[in-house]
Structure formats: C-alpha cells, structure tokens
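# Survey of secondary and tertiary structure
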Amino acid sequence: MYSEKIGIIGGFGAYAGLDFYKRLLECFSTGNERDYPHVIMDNNFTMPSRTRALLYDECVDEIVKDIADSVRLMLSNEVDKIVLVCGTAHYFLEQVYELLPEAREHIVDIIDCLGERLQKEGITECFVIAAEGALKKELYKKRLKKYGVKCIVPEEDEYGQIRCFIEAVKRHSLEEDTVAQFLSFLKKYDCHHIVLGCTEFPVLVDYIKNIRKKELEPYFFYDPLEEVIINLKRDLR
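As a starting point, this report considers the structure included with it. These numbers were taken from a predicted model, which means no experiment stands behind them.

### Digging into the state of the cysteines
- On inspection of all chains with the given rule, the structure shows 0 disulfides.
- Cys-86 supplies the cysteine sulfur nearest to Cys-198, a cysteine that is in no disulfide, at a spacing of 6.8 Å.

As structure tokens, then:
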C-alpha cells in the first residue's frame, strides 16, 4: 500500500492531466483498489497561458499566484508529493517557492526526474519537443545541461506546427492528418532519443502507437511524467 498522499495540479491541459491520472492508477493496480494512493487533484482551467507569459510576459504574476494557490490547497490537505502536469509551468517554480518556501520539499520536479533517467542511461543528446514558450526560454536545454545532456530543439519556424499538435490534444480532436504531420515532423531531425517536453505529447504518441505503431519503432521516447510515476512507485511502502 502506498501511504503518501499525492497531489495532482492540472488544468494546464485537461487530457494531459487525465492521462497522467490514468497511468498513475494503472501503475499501482494490484487487483485491490485499497492499494491505490490517496490522490487529490486540482484543475484550474482559468489559468492564463503559460506560453504567452514566456513569449510576451503576459500575466506572469497571475500565473505564479494561481500555481501557488493550487500548491497551497495541496499543502492544506497535507499532501506529501505534488505533481504539476505541465512542463512549461516548471519555469515558474522558483517564483512559487518565493511565495511558498515549504513547497520545495513537496513538489516533484518532473524535469529533474527526466534528467536523472537520461543521465542513468548515458544519454548525452536528445531532441526536445515542447511548447514554444519553453523552447524559446530554453527551459529544457538549461535544466538538462547539469545532467550532461545536450538538447536539440525544433527550428523556430516550426513552432506553429508544434502548437497545432498540442491544441489537437487539448481539444480532444486527434485525427489521421495530425498523425501524418507529426510523423513527418519527427523525420526532419536526425535524433531518435526524443523528450516529450509538453505533457500533451505522451497522449499524441500513445494515440499513434494504437494505429501506426511500426512507424514509431525507430524512436525512443522519454516522458517526464512517466519518470515521475516510476519514482512514486519506487517509494511504495
């Protein structure tokens, strides 16, 4: 039985949050529902765009406050470990910690979980696909450098296409055309170790695996949220 209480902060993308919760339950499934962890979820769908905040400096204070409010809600419910289901949101964590220093020991940093996995496997170079704000601010490039990982990133003129992939998941409107465009996008870059830096991408990759799995075989996907789940399961007690 997992004794710690887990807090999920979503609302950054409804289906990304739903996918993470589903995978978390599947990981802890033992045939006895009492073995599932106690989970509290907060989905704030009114939070301003994190990408626009990074690109245009819009509503930064509001975003930091909203994340801090969700974290404060978790702490008031004595949550042990808090997961933000959004890679881009991790850019604002230091500002959140200024408001809530006690949150630092509870938030599971998904980028650190990813970096530890890459370092353990000896991966020194990877292709990062993430929201354009995270790419523009070099969030993954800077954070993964300490793990000895060099990040290859998409060209800026492809940010629009990346946005379309993310929005297709957010709108729950994945179609064959989206799949074809994503596969074509991957083929442009000569790197088969791929970091799914936006939490919508695992949903898209899983969808593709169900219909065109063979075309994904050359690639190794690294999902920060999957690393979080593995770490949580490792702490089972």
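### Remarks on the side chain of Asp-223
- Among the structural elements, Asp-223 can be located in the loop between strand S7 (220-222) and helix H11 (224-234).
- A relative accessible area of 9% means that Asp-223 is categorised as buried.
- A polar contact is formed between the side chain of Asp-223 and the side chain of Arg-23, at a distance of 2.6 Å.
- Residue contacts for Asp-223: discarding those within four places in its chain leaves Arg-23, Leu-196 and Pro-202.

### Observations regarding the pairing of strand S2 (residues 38-43)
- Pairing of strand S1 (residues 5-10) with S2, which is carried by 6 bridges, proceeds in the parallel orientation. Following the sheet pairing, Ile-9 is matched in S2 by Asp-42.
- Taken together, S1, helix H1 (residues 14-28) and S2 form a β-α-β motif whose crossover is right-handed.

What counts as what
- Residues numbered from 1 in each chain as written.
- Predicted model: local features only at pLDDT ≥ 70, side-chain atom pairs only at ≥ 80, totals over all residues.
- Heavy atoms only, no water.
- Disulfide = S-S within 2.5 Å.
- Helix = DSSP H or I, 4+ residues; strand = E, 2+ residues; numbered from the N terminus.
- Buried < 20%, exposed > 50% of the residue type's maximum accessible area, 1.4 Å probe, protein only.
- Polar contact = N/O pair within 3.5 Å; in protein donor to acceptor, adjacent residues only side chain to side chain.
- Contact = heavy atoms within 4.5 Å.
- Pairing = 2+ DSSP bridges.
- Right-handed = clockwise from strand over helix to strand, strands pointing away.

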